[in-house]
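As a plain string of letters, each chain reads:
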There are 2 protein chains.
Amino acid sequence: MAERLIVIGGDAAGMAAASQARRRRSPDDLKIVAFERGRFTSYSACGIPYWISGLVPQRDQLIARDPATFRDRFAIDVRLRHEVTRIDLDRREVIARDLTGGDEVRERFDTLVYATGAHPVRPAWARSDVLGVFGVQTLEDGAALRDWLDGDTRPRQAVVVGGGYIGVEMAEALIQRGLEVTLVEKAKQPMSTVDPDMAELVNDAMRGVGVRIRTGLAVTGLQERDGRVSAVLTSDGPIPADLVVLGLGVRPNVELAEAAGLPVGPSGALRVDRRMRVPGADDVWAAGDCVECLHRVSGMPVHIPLGTHANKQGRVAGINIGGGYATFPGVIGTAVIKVCDLEVGRTGLREQDAAAAGFEFVSVITESTNRAGYFPGSRPMTVKLIAERPTGRLLGAQIVGWSEAAKRIDALAVALWNGMTVDDMTALDLGYAPPYSPVWDPVLIAARKAVDALGR
Amino acid sequence: MAERLIVIGGDAAGMAAASQARRRRSPDDLKIVAFERGRFTSYSACGIPYWISGLVPQRDQLIARDPATFRDRFAIDVRLRHEVTRIDLDRREVIARDLTGGDEVRERFDTLVYATGAHPVRPAWARSDVLGVFGVQTLEDGAALRDWLDGDTRPRQAVVVGGGYIGVEMAEALIQRGLEVTLVEKAKQPMSTVDPDMAELVNDAMRGVGVRIRTGLAVTGLQERDGRVSAVLTSDGPIPADLVVLGLGVRPNVELAEAAGLPVGPSGALRVDRRMRVPGADDVWAAGDCVECLHRVSGMPVHIPLGTHANKQGRVAGINIGGGYATFPGVIGTAVIKVCDLEVGRTGLREQDAAAAGFEFVSVITESTNRAGYFPGSRPMTVKLIAERPTGRLLGAQIVGWSEAAKRIDALAVALWNGMTVDDMTALDLGYAPPYSPVWDPVLIAARKAVDALGR
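Keep in mind the model is a prediction, meaning the values are calculated, not measured.

S.K.: Sorry if this is basic, but what is going on with the side chain of B:Arg408 here?
M.R.: As for its placement among the helices and strands, B:Arg408 is situated in the loop between β25 (394-401) and α10 (409-417). Here B:Arg408 is buried and forms no salt bridge, its nearest opposite-charge partner B:Asp441 lying at an N-O distance of 4.2 Å. A distance of 3.0 Å separates a polar side-chain atom of B:Arg408 from the backbone oxygen of B:Tyr436. The residues contacting B:Arg408, other than those within four sequence positions of it, are A:Lys407, B:Asn370, B:Met381, B:Ile399, B:Tyr436 and B:Asp441.

Here you go:
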């Protein structure tokens, strides 16, 4: 009789695991059932802001693979609108509810993949009975927000609460839709994923396209009119709003796992080993936005919900379930974002992370250009490096530039991944031609400056 | 009394060495004299095609630092139009000729930097008494070519001989100037710096902008009319031409060094140690297009004349002369080029190099996109990886794409530099956001395919 694999969560991590397991094991050997609470499988949540802005016209462009594809090409039985309500590890069963009809189904498993993802933080003030307040995590969230934008309401004044990636991307998307946009940030500055000196460049760019940035403000409540939001109440008075977007980050969906006794780590996400197995449970695997993983620079467990990690982790779990061998060796915190034509890349530790992890370090900032200075279209590019003192080991890097800048972070990410010192980096053989770089690549200029700062 | 440093060659390598030595040693401690045969110091030879095309309007934009700057800011005595004719290692003297007046000067040195660069290959058929035939190596070459383009001659039909980087760039530049351009290549294909399958993409792009490509042709001579070139004679008949550009590569200028008994290596360029010292000679250093260096992947000495290496090598020599410690650990053959809006990057070994070096290997080609497939402006991007069998160590990589593609090679170059395997590379934490990459970065897709090809 075929073994049974149950996957909880039909997005990137879960379906990558299912597909990889299928590549190695036939339907006669392994039956695969995937439960997905929502209406869609395997879509690009990261693309939602661009669908909201209109840059990506059709919702379905964001869907990588639909359930029919999984069924027909991979013999994976995807059950949409099915919410798993309980995992019974002793009986090797999951209990799910059909959200369309309310029926309860029980499915036995030999192997379980837990890939429930994460949900947007929704503080108490963001009452669910007030219309016009949206998270941006699932395609359903995006659809609701688009309906609000296109519906009778025709909102004109948006408040985005929280200045992380999604908040910043949504602020820009709503500007592109013609709304007035205020970004409210509790801290001194939005874009705290980079150091304040680098974030300031991004903030200038956002102001440049018309985003009003209010910092140091706590949101205390909502004002409503006829059941619809009319203002966001803050520690510094109300801000009129007929649309509110929550950009306060996400929390891993671990409730189900916790109830089943699976271990949650210090980051608040599920613990897994290097092969994406949940420790202490037999044949239970987990992947994606619900798990924590090793930060290879700080050595600490972190929760970094990103589609790229979810896909890799799901693939690793699936290879292992399929009888192969793969590991997920951790992350280094690489991220890129486009903000109002400004390109931002980061990897490794920020100054505050490096300090928190107990490192001694130097940090340097250099101004250079993306092309040879004399080449048409040459634009400024700022590179920041953080290096351990006295070893010179790279700890983190950030890039802000106007074009062809963000993906330059990859070279630094690979250097960081390999534990390079800034001394070694000065010799790196990087590509040079006038349309792409000054003869001293900005990365090399920064490495040289870091060597100087180390007093070499 | 101050020691004396003589630098032969006032371009990137020589002046980088001089500047770095000056940073560490004051004029009271070290007197620095640089002899330069030409009229300029420290300019971007790589920018010449863009000055020819008109994209870079002014010649002086290509000059990084002029002699007055070196004199006033660095106390370096640059003597333009002075050609060193002999090095006397026993007497510790160089003998130079003032090309403007013909006087001979002798200068004593304690330390010598040999940075004479390279010269374009000029075959016997390219007779110097026929007007309209140009190399593109020095700013003087560029000026002569521009004068020819803008003068009474008004050439209309150009033949570029040789399909390396400079040939390809010049073909495009001359198309932009409105000329008919034929590129003549002896081999089966131009752009042999990448493998034939990748070069074919470039050739298509060149044909797309109107470059006529003739391959498998040997040039046998020139036809002239009134002392000016009128056709290029080939093994397949004459090709009308009122302008001929030589793109047959360059040879290191080693004659002076050889005459002084300095060692030339198997690549035909000067041998140096890791600190850029010439072995067997006291206090003689060399750097730039006249030296060979270690290819870190093949382990063989190579001659790769590129401004980026010249600058790094000069800097290393200068630091050491200044009393510091620096090494140049070799190259891995990274290069990027823009051809008719097509972007090309390469690093490491091509298939033929890998075979010649005795490696067993697999190679894979993947098609992906520079942005998420659904994101506006998403364009094809082809990535090729060559990996050692059975270790999986990356040996080489090539990228061809339509935009934001070339500099992606840097991430692969850093992976190669660190000896990563394609297995390890599948886990790399590279930047992901829809404007910059599919959720599986093209580099990661290629690494996965290489792992499959290795039969893992």
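What follows picks up the thread again.
S.K.: Explanation requested: the sheet that holds strand β3 (residues 76-80) of chain A in the structure shown.
M.R.: Strand pairing in a sheet takes place through backbone hydrogen bonds and is either antiparallel or parallel in direction. All names here are of chain A. Pairing within the open sheet is parallel, and its five strands lie in the order β3-β2-β1-β7-β18. Strand pairing shows two members of the sheet lacking a second neighbour, β3 and β18 (284-286), which therefore form its edges. Looking at each pair of strands side by side, their axes are set apart by 15° on average, direction ignored. Here strand β1 (residues 3-8) runs beside strand β7 (residues 111-114); their pairing, made up of four bridges, is parallel. Bridge pairing in β7 links isoleucine 8 to tyrosine 114. The strands touched by helix α1 (residues 12-24) are β1, β2 (30-36), β3 and β7; relative to β2, the strand with the most contacts, the crossing angle is about 170°. Strands β1, β7 and β18 of the sheet are contacted by helix α8 (residues 307-321), whose axis makes an angle of about 160° with β18.

S.K.: What should I look at first to understand the pairing of strand β10 (residues 157-161) of chain B in this one?
M.R.: Consecutive residues of a regular strand have side chains that alternate between opposite faces of the sheet. Residues and elements named next belong to chain B. Counted residue by residue, β10 has four buried out of five residues, so it is predominantly covered. By the bridge criterion, five bridges tie β10 to strand β11 (residues 180-185) in an arrangement that is parallel. For alanine 158, the partnering residue across the bridge sits in β11 and is valine 181. For the crossover that starts at β10, traverses helix α5 (residues 165-176) and ends in the parallel β11, the hand is right-handed. As paired strands, β10 and strand β16 (residues 243-246) are joined by four bridges and run parallel to one another. Bridging from a neighbouring strand, valine 159 pairs with valine 244 of β16.

S.K.: Explain the sheet that holds β10(B) here, please?
M.R.: Spatially, the five strands line up as an open sheet ordered β9-β16-β10-β11-β12 (chain B), and their pairing is parallel. A single partner strand is all that each edge strand has here, and the edge strands are β9 (133-134) and β12 (212-215) of chain B.

S.K.: Whenever I open this one, the relation of the copies chain A and chain B confuses me. Can you help?
M.R.: Applying a rotation about an axis and a shift along it to one chain copy brings it onto the other copy. Rotating chain A by 180° and moving it 0.0 Å along the rotation axis overlays it on chain B with an RMSD of 0.0 Å. In symmetry terms, the pair is related by a two-fold rotation axis. Within chain A, A:Ala411 has its C-alpha nearest the rotation axis, a separation of 2.0 Å. Mapped onto chain B, 100% of the interface residues of chain A are again interface residues, and the two copies thus contact each other with one and the same surface.

S.K.: What should I look at first to understand the pattern of salt bridges in this one?
M.R.: A side chain of one charge can pair with a side chain of the opposite charge when the charged atoms of the two come close. Tallied over the entire structure, the rule returns 61 salt bridges over all chains. The salt bridge partner of A:Arg79 is A:Asp77, with a shortest N-O separation of 3.0 Å. Notably, a salt bridge pairs B:Glu224 with B:Arg127, separated by 2.9 Å at the nearest N-O pair. On the criterion of sequence distance, the pair formed by B:Glu224 in strand β13 (residues 219-225) and B:Arg127 in the loop between β8 (118-120) and β9 is long-range, its members being 97 residues apart. By relative accessible area, which is 33% here, B:Arg127 ends up partly exposed. Connected through salt bridges with shared partners, the residues A:Arg4, A:Asp77, A:Arg79 and A:Glu107 form a single ionic network.

S.K.: What am I meant to see in the environment of A:Thr41 here?
M.R.: Residue and element names in this part refer to chain A. Secondary-structure assignment places threonine 41 in the loop between β2 and α2 (48-53). Residue threonine 41 is classed as buried on the basis of its relative accessible area of 0%. Contacts of threonine 41, omitting those with residues within four sequence positions, involve Gly10, Ile63, Arg65, Asp66, Pro67, Phe70, Val78 and Leu80. A polar atom in the side chain of threonine 41 sits 2.7 Å from the backbone oxygen of arginine 65.

S.K.: When you look at empty space enclosed by the protein in this model, what are you seeing that I'm missing?
M.R.: Over the atoms, a rolled probe matching the size of one water molecule traces out where space is still vacant. Under the defined criterion, the tally for this structure stands at three cavities of 30 Å³ or more. Together, 13 residues line the largest cavity, and A:Glu404, A:Lys407, A:Arg408, B:Glu404 and B:Lys407 are the ones closest to its centre. For the lining of the largest cavity, the per-class residue count stands at five nonpolar, no polar and eight charged.

Conventions and cut-offs
- Residues numbered from 1 in each chain as written.
- Chains lettered and ligands numbered in written order.
- Predicted model: local features only at pLDDT ≥ 70, side-chain atom pairs only at ≥ 80, totals over all residues.
- Heavy atoms only, no water.
- Helix = DSSP H or I, 4+ residues; strand = E, 2+ residues; numbered from the N terminus.
- Buried < 20%, exposed > 50% of the residue type's maximum accessible area, 1.4 Å probe, protein only.
- Lys, Arg positive; Asp, Glu negative; His and termini not counted.
- Salt bridge = Lys/Arg side-chain N within 4 Å of Asp/Glu carboxyl O.
- Polar contact = N/O pair within 3.5 Å; in protein donor to acceptor, adjacent residues only side chain to side chain.
- Contact = heavy atoms within 4.5 Å.
- Pairing = 2+ DSSP bridges.
- Axes fitted to C-alpha atoms, helices over the stretch in contact; angles between N-to-C directions.
- Right-handed = clockwise from strand over helix to strand, strands pointing away.
- Least-squares fit on C-alpha atoms with pLDDT ≥ 70 in both.
- 1 Å grid on protein atoms, 1.4 Å probe; cavity = no way out; pocket = protein on both sides within 12 Å on 5 of 7 lines; lining within 4 Å.
- Points joined across faces, edges and corners; volume = space filled by probe spheres on them.
- Nonpolar A, V, L, I, M, F, W, Y, C, P; charged D, E, K, R; others polar.

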